[in-house]
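Spelled out from the first residue to the last, the chains are:
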Amino acid sequence: MDQWMTVDDGNAIKYKCCPKCKTPLTSTQRYSSFIKQTLQDVYAVKLKFFGNVKENEEKRAELLGKMSDLEKLTNEMPASALLLQKIVKNLKNSVQVVHKGRKITLNSSLSRIYLSKMQVLENIIKSFIAVKLGSATVIHVAIEDMEFLLNSLSREGNTMTNQEISDIRKETNRFSHKVQLLKISESDEVFKAKIYGNSYNKKLYETIYYKLASISPFQDAADEEIGKNIAYLSKELGTYVSQIERQQVIQAMKMAKGHWFKCPNGHYYAIGECGGAMQTGKCIECGVAIGGQSHTLLSTNRHAGEIDGSAHAAWSETANNLFNFEGFLNG
């Protein structure tokens, strides 16, 4: 038995057991030194896994602070993001000192899991908010994609391996790219002209779409490549303004139809008064010449009827002919 007590268990931290009946040796005077050493090793492991009370309470205070910031971000999300709201609420309850009259126990392992979940949720929300989607249909699609990702955080239990955390973070990057791609596709006629009207851009867009829709694990190499390609397509679109944003700008400017124009690179600007160009200037986006002289628009510039739905510029041959014709009828 003395020889058995000195046999190496492969660095496993556990009680020695009787070699015949497998009963753990927890109290015996003869082998008390072995038992004490085992108890010390077990306590060290528990301390590392669960942490001490003071450290756990400090970590709880840190988590509650991050939880408050996360709730503020959640309030900026659409009301239809119900699963997100549910997860944030449950997560908040998990880090409270007392919930429903029951004291909530917190240890270092749970703290790590809760912190990882908060970081993932923060990244998801910021990815959604950053692109400022305008179309209700596109927002609905984005929320569906988001909820598919959130399902991995809403499951029962508080266990999560390092590999699972890593996988969720990679999928969060995939979601971020999906939302950016939705923003590009939201650009209606601008999208059709600059993306689908160009064979290279069209192929690039479709390639990105299928890679993001793939069920294969999202790798770091794909993350970097897709990020560069989406940045390229966004640049191709120039300064894109969504339909909702356009309506807001038009209402704020209080201009009649036909006052919007665009430079050779597709950047928009407005001409006040009668809508006829009386001076030249520089585009604030790319620096090329805009405007014109003597009510004549520069040949490189174009009327931007897509902004306000106008068929022609406010000051143009068509507009003047219509005005004269109406005057003739009224006369």
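Residues numbered from 1 in each chain as written. Predicted model: local features only at pLDDT ≥ 70, side-chain atom pairs only at ≥ 80, totals over all residues. Heavy atoms only, no water.

When its secondary structure is counted, the chain shows 13 helices and eight strands. Classification of the 331 residues of the chain by burial places 34% in the buried group. Of the contacts made within the chain by residues no fewer than 6 positions apart, 61% connect residues no fewer than 24 positions apart. Per element, the accessible surface of the chain, about 20,600 Å² overall, is 54% carbon and sulfur. (Helix = DSSP H or I, 4+ residues; strand = E, 2+ residues; numbered from the N terminus. Buried < 20%, exposed > 50% of the residue type's maximum accessible area, 1.4 Å probe, protein only. Contact = heavy atoms within 4.5 Å. Areas by Shrake-Rupley, 256 points an atom, 1.4 Å probe, with all protein chains shown as cover.)

By the definition in use, this model includes four aromatic pairs. Seen in terms of ring centroids, Tyr209 and Tyr210 are 5.4 Å apart; in terms of plane orientation they differ by 80 degrees. Their pairing is edge-to-face. Tyr209 gets classed as partly exposed once you look at its relative accessible area, which sits at 44%. (Phe/Tyr/Trp six-rings, centres within 6.5 Å; stacked < 30°, edge-to-face > 60°.)

With that settled, the discussion passes to the nonpolar core. In globular proteins that are soluble, nonpolar side chains generally tend to be buried together. With 39 residues, the main nonpolar core has Leu84, Leu121, Phe128, Leu133, Met146, Leu150 and Leu153 as its most contacted residues. Those elements that place two or more of their residues in this core are α3 (53-74), α4 (82-95), α5 (108-131), α6 (136-150) and α7 (162-185). Counting residues per element, this core draws most heavily on α5, at 11 residues. Ignoring any residue separated from it by four or fewer positions in sequence, one finds Leu153 in contact with Ile87, Lys117, Val120, Leu121, Met160 and Ile168. Leu181, Phe191, Tyr205 and Phe218 belong to the second-largest nonpolar core, a separate cluster that totals 13 residues. (Core = buried A, V, L, I, M, F, W, Y, C linked by side-chain atoms within 4.5 Å.)

A few words now on the pattern of salt bridges. Throughout the structure, instances matching the rule amount to eight salt bridges. With its nearest N and O atoms 4.0 Å apart, the salt bridge here joins Asp145 to Lys178. Of this pair, Asp145 sits in helix α6 while Lys178 sits in helix α7; the two residues are 33 residues apart in sequence, bridging distant segments of the chain. Exposure remark for Asp145: the relative accessible area of 24% places this residue in the partly exposed category. Look at Lys178 and you get partly exposed, because its relative accessible area is 23%. (Salt bridge = Lys/Arg side-chain N within 4 Å of Asp/Glu carboxyl O.)

This paragraph deals with the sheet that holds strand β7 (residues 296-297). Across the sheet, three strands lie side by side as β5-β6-β7; this open sheet has antiparallel pairing. With one partner strand each, in any of the chains shown, β5 (280-282) and β7 form the two edges of the open sheet. (Pairing = 2+ DSSP bridges.)

Moving on: the environment of Glu285. By secondary structure assignment, the location of Glu285 is in the loop between β5 and β6 (289-293). Its relative accessible area of 47% is what places Glu285 among the partly exposed residues. In this structure the C-alpha to C-alpha distance between Glu285 and Cys263, which are 22 residues apart in sequence, comes to 9.5 Å.

For the rest of this paragraph, the subject is α7. For α7, with 24 residues, the first-to-last C-alpha span of 35 Å sits near the 34 Å given by 1.5 Å per residue. Along α7, the positions that sit buried rather than exposed are Ile165, Ile168, Thr172, Arg174, Phe175, Ser176, His177, Val179, Leu181, Leu182, Lys183 and Ile184. (Expected span 1.5 Å × (residues − 1).)

Not every positive phi belongs to a glycine, and Glu273 is a case in point at roughly 55 degrees. Summarising the element assignment, Glu273 is placed in the loop between β4 (268-270) and β5. A relative accessible area of 80% means that Glu273 is categorised as exposed. Positive phi is not limited to glycine here, since His295 has a value of about 65 degrees. Inspection of the secondary structure puts His295 in the loop between β6 and β7.

Let us look at the sheet that holds strand β3 (residues 260-262). Reading across the sheet, the three strands line up as β4-β3-β8 and stay open at both edges, with antiparallel pairing between neighbours. Each having just a single partner strand, β4 and β8 (302-303) make up the two edges of the open sheet. Judged from the two bridges that link them, β3 and β8 form a sheet pairing that is antiparallel. Following the sheet pairing, Phe261 is matched in β8 by His303.

Across three bridges, β5 lies against β6 in antiparallel orientation. Bridging from a neighbouring strand, Gly281 pairs with Ile290 of β6. Between β5 and the antiparallel strand that follows it, β6, lie six residues; Gly287 among them carries a positive phi value of about 85 degrees. Where β6 and β7 come together, two bridges link them in antiparallel fashion. Counterpart to Gly292 in the pairing with β7 is Leu297.

The subject of this paragraph is the confidence of the model for the chain. Summing up the model confidence of the chain, the mean pLDDT is 80 and the portion of residues at 70 or higher is 79%. Between residues 321-331, whose pLDDT stays under 50, and residues either more than four places distant or in other chains, the model counts one contact. (pLDDT = per-residue confidence, 0-100.)

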